[in-house]
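# Summary of structural features
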Amino acid sequence: MKEQENNNRRDFLKKAALAGAGFAVLSTSFGKNYSDVHSEISKMNLGIPEDNMFTLPLLPYGYDALEPYIDKQTMELHHDKHHQAYVDKLNKALAEAKISGVSLEDICKNVSKYSVAVRNNGGGHYNHSMFWKGMKPSSSTVLAPASPNEPAGKIGDAIKSSFDSFSNFKTKFAEKSLSVFGSGWAWLIINKDGKLEIGTTPNQDNPLMDVSELKGKPIIGLDVWEHAYYLKYQNKRADYVNSWWNIVNWEEAAKRFEK
Ligand code: MN
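Each chain has its residues counted from 1, running along the sequence as written. Only residues with pLDDT of at least 70 are given local features in this predicted model, and only at 80 or more are side-chain atom pairs given and counted; all residues enter the totals for whole chains, interfaces and linings. Excluded from the side-chain calculations are hydrogens and water; all other atoms, namely the structure's heavy atoms, are used.

## Quick word on the coordination of the manganese ion
This is how the line gets drawn: A donor here means an N, O or S atom no more than 2.8 Å from the metal, or no more than 3.2 Å when the metal is Na, K or Ca. Since water is not included, a site may seem to lack partners. Elements are defined by DSSP. Helices are runs of H or I of four residues or more, strands are runs of E of two residues or more, and each kind is numbered from the N terminus. The classification of residues rests on relative accessible area computed with a 1.4 Å probe and restricted to protein chains. Under 20% of the type maximum is buried, over 50% is exposed, and intermediate values are partly exposed.
Around the manganese ion, the protein contributes the donor atoms His 78 (NE2), His 128 (NE2), Asp 223 (OD) and His 227 (NE2), which lie 2.0 to 2.2 Å from the metal centre. Written as a sequence motif, the donor arrangement for the manganese ion is H-x49-H-x94-D-x3-H. With His 128 in helix 6 (residues 116-133) and His 227 in the loop between strand 3 (217-223) and helix 9 (230-233), this pair connects stretches of sequence that are 99 residues apart. For the pair His 128 and His 227, a shared accessibility class is recorded, and that class is buried.

In structure tokens, the structure reads:
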């Protein structure tokens, strides 16, 4: 019986492919292309949520897509458990304070007016939503190794002129990442003078927040909480940061930079 079903399915797939319908079948079932998914994620997270409930964005790639740099189990726990908890606690804190109709960006920008729970969980939701989009599967494989993952175009030029070289930029960014005591984030931002700047924020604060010492528009952000790397890297945060350069989504960073 099982065999029969498999055969039927195989026949169907073969016929569909022969008829040139294979692509049509696939594209309707997945529905959307990569950039549509991305822009939906932005709407879902940064805008005012329709029913006043923020929701966990889908990852724009599979849990194992960032292997070997970030392992599947870390991605599952980090996205499904940690990020989900920030979303749930943010919704709860907003409901308790009877706050509605505010976007996540506005919450961050005026965070001093809100409770600590809104600050921590709103920051957590914003930072992680940005973090997932800020990464992409590495393009280098065993067969086509090591095309270096470096920023091109305007952002590449700006990084080179601000930090002398891309390699110098990476060194400075890594130093900052390692300087975070306890939990926090490392960022590349555009500061109020329109200059690129590397800095850090504690806990789930971010550079949009009015309470933050580091202020500006985030271009890339790296989660240096232990939950982001401990399963694979244990206490070796430097190795995690070093690996992360392979999966930074510079196209996404360029969009943020040029907007
Ligand atoms: Mn995290």
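## Some points on the pattern of salt bridges
Note the cut-off: Salt bridge, as used here: a side-chain nitrogen of Lys or Arg that lies within 4 Å of a carboxyl oxygen of Asp or Glu.
All chains considered together, the criterion is met by seven salt bridges. Taking the shortest distance from any N to any O, the salt bridge between Lys 92 and Glu 96 comes out at 3.4 Å. One end of the pair is Lys 92 and the other is Glu 96, both in helix 4 (residues 72-96) and four residues apart, which spans about a single turn. The same class applies to Lys 92 as to Glu 96, namely exposed. Close ionic contact of Glu 252 with Lys 133 constitutes a salt bridge, the shortest N to O distance being 3.9 Å.

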